[in-house]
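# Notes for the structure review
Take a look at the letters that make up each chain.
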Amino acid sequence: MAPTVYVVILLLCLGFTYPVVTGTFMDKLASKKLCADDDCVYTISLARAEDDYNAPDCRFINIKKGQLIYVYSKLVKEKGAGEFWAGSVYGEQYEDQMGTVGYFPSSLVSEQHVYQKANKTILTTDIDFFCE
């Protein structure tokens, strides 16, 4: 066979072994966020939901009253926008949601424990508002 046929077969095989990522870049909720570190990977605090919240779209997470949430970043409030934090739910009873990170209104939670201060201001990127 010609070398080009081998290259085409190789490319086809690689295409089937690597998953294709599909998703949507949603509108930004803010241009800056506060984090505990430069990469926004360390937990800022543990918060408790004071009320239920139903996520309006894929950028957000559903929370239930009494649920604990790890907070990873806090969006810097801009004109006419709400104040949102990014976090993930915690607890065995919410096992199906654990590890899912999304935004929720900061007004619906109370911080129970602060692990680190959110003193790093970082620009948000499109990936911060990407939905699968």
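An account of the accompanying structure is given in this report. None of these values were measured; they are calculated from a predicted model.

## Some remarks on the overall build of the protein
Per the secondary structure count, the protein includes one helix and nine strands. Starting at the N terminus, the α and β elements of the protein follow one another as α-β-β-β-β-β-β-β-β-β. Classification of the 132 residues of the protein by burial places 35% in the buried group. Taking all contacts inside the protein whose residues are at least 6 apart in sequence as the whole, residues at least 24 apart take part in 67%. Split by element, the accessible area of the protein, about 8600 Å² in all, is 55% carbon and sulfur.

## Here we look at the side chain of Ser45
With respect to the helices and strands, Ser45 occurs in strand β3 (residues 45-49). Relative accessible area serves as the criterion here: at 0%, Ser45 is assigned to the buried category. In this structure Ser45 touches Ile69, Tyr70, Val71, Glu111, His113, Val114 and Tyr115, once residues within four positions along its chain are discounted.

## Description of the side chain of Thr124
Here Thr124 shows up in the loop between β8 (120-123) and β9 (130-131). Other than its neighbours up to four places away in sequence, Thr124 contacts Lys28, Ala30, Ser31, Lys32, Lys33, Leu75 and Phe129.

## As for the pairing of strand β6 (residues 101-105)
Of all five residues making up β6, four are buried, and the element is well covered by its neighbours. The pairing of strand β5 (residues 84-90) with β6 spans five bridges and is classified as antiparallel. Of the residues in β6, the one forming a bridge with Ser88 is Val101.

## Quick look at the packing of aromatic side chains
Throughout the structure, instances matching the rule amount to five aromatic pairs. An angle of 80° between the planes, with centres 6.4 Å apart, marks the rings of Trp85 and Phe104 as edge-to-face. Here Trp85 is found in strand β5, whereas its partner Phe104 is found in strand β6, with 19 residues between them in sequence. Pair check on accessibility: Trp85 and Phe104 agree, each one buried. Taking NZ or CZ as reference, Lys74 lies 4.3 Å from the ring centre of Trp85, over its face.

The rules behind the values
Residues numbered from 1 in each chain as written. Predicted model: local features only at pLDDT ≥ 70, side-chain atom pairs only at ≥ 80, totals over all residues. Heavy atoms only, no water. Helix = DSSP H or I, 4+ residues; strand = E, 2+ residues; numbered from the N terminus. Buried < 20%, exposed > 50% of the residue type's maximum accessible area, 1.4 Å probe, protein only. Contact = heavy atoms within 4.5 Å. Areas by Shrake-Rupley, 256 points an atom, 1.4 Å probe, with all protein chains shown as cover. Pairing = 2+ DSSP bridges. Phe/Tyr/Trp six-rings, centres within 6.5 Å; stacked < 30°, edge-to-face > 60°. Lys NZ or Arg CZ within 6 Å of the ring centre and 35° of its normal.

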